[in-house]
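# Secondary and tertiary structure notes
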Amino acid sequence: MRKLIYVLTAIVVLGIVSCSKSMSRYDEEIARAEQLMRTDTDSALSVLDAIDPSELEIDSLRAKYHFLKGYGHLKRNRSMIGDSLISYAHEYYRGKDVVRDIRSGMVFAWYKFWVGDTPGALAMLDSLAELPDVPDSLMVQVLRVRVLLGASEYQGKELIPYAKKFHELETGSMRKTEARYMLLSAYEYAGETDSALYLVDELIDYARDNRWGDKQFLFELERAQLLTENGRSGESDELIGEIFGKAGPDNGAADLLYFQYAINALNSGDVGRAARNLALADSVAGRLRKDDDAYYRSYSNLLHAIIDFKQTGRIKLMHINGLNNRQNERFNRVKASQWESERGALRQQNRALALKAESEHKTVIILIISLVTLIVMVGALWIIRIRRLRERENEERIEALQKMVDEYKAAPAVPDSEIKGSAALRSAMLKQLGIIKMVAETPTEQNREMLRKISSIDGEINGELVDWSNVFDMIDNLYSGFYATLHSKYGDVLSLKEEQIIVLMVAGFSTKEISVITGQTTSTVYVRKSSIRKKLGVPEKEDIVRFLLSRPRS
């Protein structure tokens, strides 16, 4: 039985240890992903993809996992449709970890943008940008995302304060240049073209000094567009001519340059030149962009409609339809991409739910097994306890029996007729018990049969160790009819076992000896003594035998 308990205990301990080791392994993997996130985001995401989030039972690990997953998608500009649990991570880190609180809030805002809640994303970023005592290294990340999302919504005056602060906090030449360009866009959307031109001139000079040819080309193209916005179409045309002179007629933005020529011509009232430049822009766009010209067509169709109206006084429906179709096409592409991302996220969530259900099923089985194991262990311990109590009581009974036998053996050989008082009853019982003890030491079937014959010599014993009718007669003879008086007065309230206990107490037997003679445990004898005291009305502190012997026997 003890071995069984040890085995069951070992199983439970191994289950607990295995769960602990599993969480420890996940902790190590997520920590490794966090280290990789700084240098190799794709590898970090691969490590996280190998982890089943439904198996993360510790809140800190679950929050860290979803935070890193969303942060990696933000860094790599991947779909965040499946990162809904970033809200859990942000809630967990709020007020606990400043760095992760800010970053998880930033990731949560980006998630809102991905699912179409751009106002909610901007509101969250605004609240993060207003937090006090945030390190510049963190605040600049928040402002970067805030300005990007604001620019996607073509915010102007509202965006300028964030863009300025972002430009002030950003460090490093490349990052500073990017921040300045974002500020330029904010000024442009706000209609403050003079400020935007000032910044773009700085960017052009900086790109020229650092020999960033591609950047200088893009900044000059931006300056040409700003000049047009500022009503300086002639200067815009001159700049476009310079760009063509340096980059050639087949440069990568030639269609946009011809398109800008067309806008300048239209603003100057030269509709014919506008139509010719737009035709050149369409031709170059078809050659450069081929089928990927939806973005260009979304602008060119509008300009075609304006030029046709200027030339004919009518608006052609084909241009309106073309513009509408391009917008719908772009919208449908965005929606298709979003739906595909959502389907992928749902597949991932379904897989996670299936794994979670499987994990929960396993957990339930483990709990049931653990509960059964616990019940078995408790039952086994209870059985062991009962057995030990019985063994202890048996030892006490054997000890009392051996003591009685030793007394019988040590007593001098005196005829029974000469034994007086209670010693006669004690001697007679010791003789009988001594025989029973000696025969019972070797409990063969032959010895059992001999024991039955010896015990029934003087009469029927009905399974008892002694013939109680003889015992009662001896008590009456030795103690002036004690048993007869007891039985006549209290026979209707006392049980047979209680009468047996009383006569043995009168004969001077100890509680252990009484338990041996009557075949009861010592605890049962004590309980019966209490019952006797209540039934006979014996005071708590008075001896039962003394009380009975002192009562008048009438």
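Scroll up for the structure.
Everything in this summary refers to the structure shown in the same document. Note that the structure is predicted; figures quoted are calculated from it, not measured.

### Digging into the packing of helix H7 (residues 136-152) against helix H8 (residues 160-169)
Packed helices, taken two at a time, are described by their axes: the angle between them and the distance between them. Relative to each other, H7 and H8 sit at 140°, their axes nearing to 9 Å. In terms of their interaxial angle, H7 and H8 are classed as oblique. Crossing hand, H7 versus H8: left-handed. Between H7 and H8, the contacting residues are Asp-136, Met-139, Val-140, Leu-143, Arg-144, Arg-146 and Val-147 on the first element and Tyr-162, Ala-163, Lys-165, Phe-166 and Leu-169 on the second.

### Topic: helix H22 (residues 511-518)
Helical geometry: 3.6 residues make up each α-helical turn, so side chains three or four residues apart lie on a common side. H22 sits mainly inside the fold: seven of its eight residues count as buried. Inspection of H22 places Thr-511, Glu-513, Ile-514, Ser-515, Val-516, Ile-517 and Thr-518 among the buried residues, and these make up the whole buried set. Downstream of H22 by one or two residues, Gly-519 has phi in the positive range, about 70°.

### A closer look at a nonpolar patch on the surface
Nonpolar side chains collect at one region of the surface, where Val-364, Ile-368, Val-372 and Val-376 lie side by side and expose about 310 Å² of accessible area between them. Among the structural elements, Val-364 can be located in helix H16 (residues 317-410). Its relative accessible area of 43% is what places Val-364 among the partly exposed residues.

### Overview of the packing of aromatic side chains
Tallied over the entire structure, the rule returns 13 aromatic pairs. Consider the rings of Tyr-154 and Tyr-189, whose centres lie 5.3 Å apart with planes at 75°: the pair is edge-to-face. Note that Tyr-154 is positioned in the loop between H7 and H8 and Tyr-189 in helix H9 (residues 173-189), a separation of 35 residues in sequence. When its relative accessible area of 34% is taken as the criterion, Tyr-189 is described as partly exposed. Seen from their ring centres, Trp-468 and Phe-472 are 5.9 Å apart, and the 35° between their planes marks the pair as tilted. Taken together, the residues Trp-468 and Phe-472, both in helix H19 (residues 468-478) and four residues apart, mark about one turn of the helix. Like Trp-468, the residue Phe-472 is buried in the burial classification. Every member of this aromatic cluster is reached through a ring pair, and the members are Phe-67, Tyr-71, Tyr-92 and Tyr-93. Directly above the aromatic system of Tyr-26 lies the positively charged group of Arg-25, at a separation of 4.6 Å from the ring centroid. The ring centre of Tyr-92 lies 3.8 Å from the NZ or CZ of Lys-96, which sits over that ring.

### A few points about the side chain of Asp-237
Residue placement: Asp-237 occurs in helix H12 (residues 233-247). A polar contact is formed between the side chain of Asp-237 and the side chain of Asn-264, at a distance of 2.7 Å.

### What to know about the packing of helix H13 (residues 254-268) against helix H14 (residues 271-289)
Contact pair H13 / H14: the axes reach a minimum separation of 8 Å and the direction vectors enclose 165°. Judged on the interaxial angle alone, H14 and H13 are roughly antiparallel. Viewed along their axes, H13 and H14 form a crossing whose handedness is left-handed. Taking contact as the criterion, the partners of Ala-254, Asp-255, Leu-256, Tyr-258, Phe-259, Tyr-261, Ala-262, Ala-265 and Leu-266 in H13 are, on H14, Val-271, Arg-273, Ala-274, Asn-277, Leu-278, Leu-280, Ala-281, Val-284, Ala-285, Leu-288 and Arg-289.

So, how was this worked out
Counting starts from 1 at the beginning of each chain's written sequence and moves along it residue by residue. Thresholds applied to this predicted model are a pLDDT of at least 70 for local features of residues and 80 or more for the giving and counting of side-chain atom pairs; totals over whole chains, interfaces and linings are not thresholded and use all residues. In computing side-chain properties, one takes all heavy atoms of the structure into account and sets aside hydrogens as well as water. Interaxial angle, 0 to 180 degrees, is taken between N-to-C directions of lines fitted to C-alpha atoms, where a helix line uses only the stretch in contact. Under the DSSP-based scheme used, a helix requires at least four consecutive residues in state H or I and a strand at least two consecutive residues in state E, with every element numbered from the N terminus. Each angle is binned into one of four classes, with values under 35 degrees roughly parallel, values over 145 roughly antiparallel, values of 65 to 115 roughly perpendicular, and all other values oblique. Each crossing gets its handedness from the near helix: less than a right angle anticlockwise from the far helix is left-handed, clockwise is right-handed. Here a residue-residue contact requires only that any non-hydrogen atoms of the pair lie within 4.5 Å. Each residue's exposure class comes from its accessible area (1.4 Å probe, protein chains only) as a fraction of the maximum for that residue type: buried when under 20%, exposed when over 50%, partly exposed otherwise. Only residues whose relative accessible area exceeds 30% and that form no salt bridge are eligible for patches; like-charged ones are grouped when within 9 Å, while nonpolar side chains (Val, Leu, Ile, Met, Phe, Trp, Tyr) are grouped when within 5 Å. All accessible areas in this document rest on Shrake-Rupley with a 1.4 Å probe, and a residue is counted as covered only by the protein chains that are shown. Only one rule defines a salt bridge in this text: a Lys or Arg side-chain nitrogen within 4 Å of an Asp or Glu carboxyl oxygen. Ring pairs are drawn from Phe, Tyr and Trp, using the six-membered ring of Trp, whenever the two centres fall within 6.5 Å, and their geometry is named by plane angle: stacked under 30 degrees, edge-to-face over 60, tilted for the rest. Either the NZ atom of lysine or the CZ atom of arginine qualifies as a charge over a ring when it sits within 6 Å of the ring centre and within 35 degrees of the ring normal. Any pair of nitrogen or oxygen atoms within 3.5 Å is treated as a polar contact; in protein, a donor-acceptor pairing is required on top of that, and neighbouring residues in sequence qualify only through side-chain atoms on both sides.

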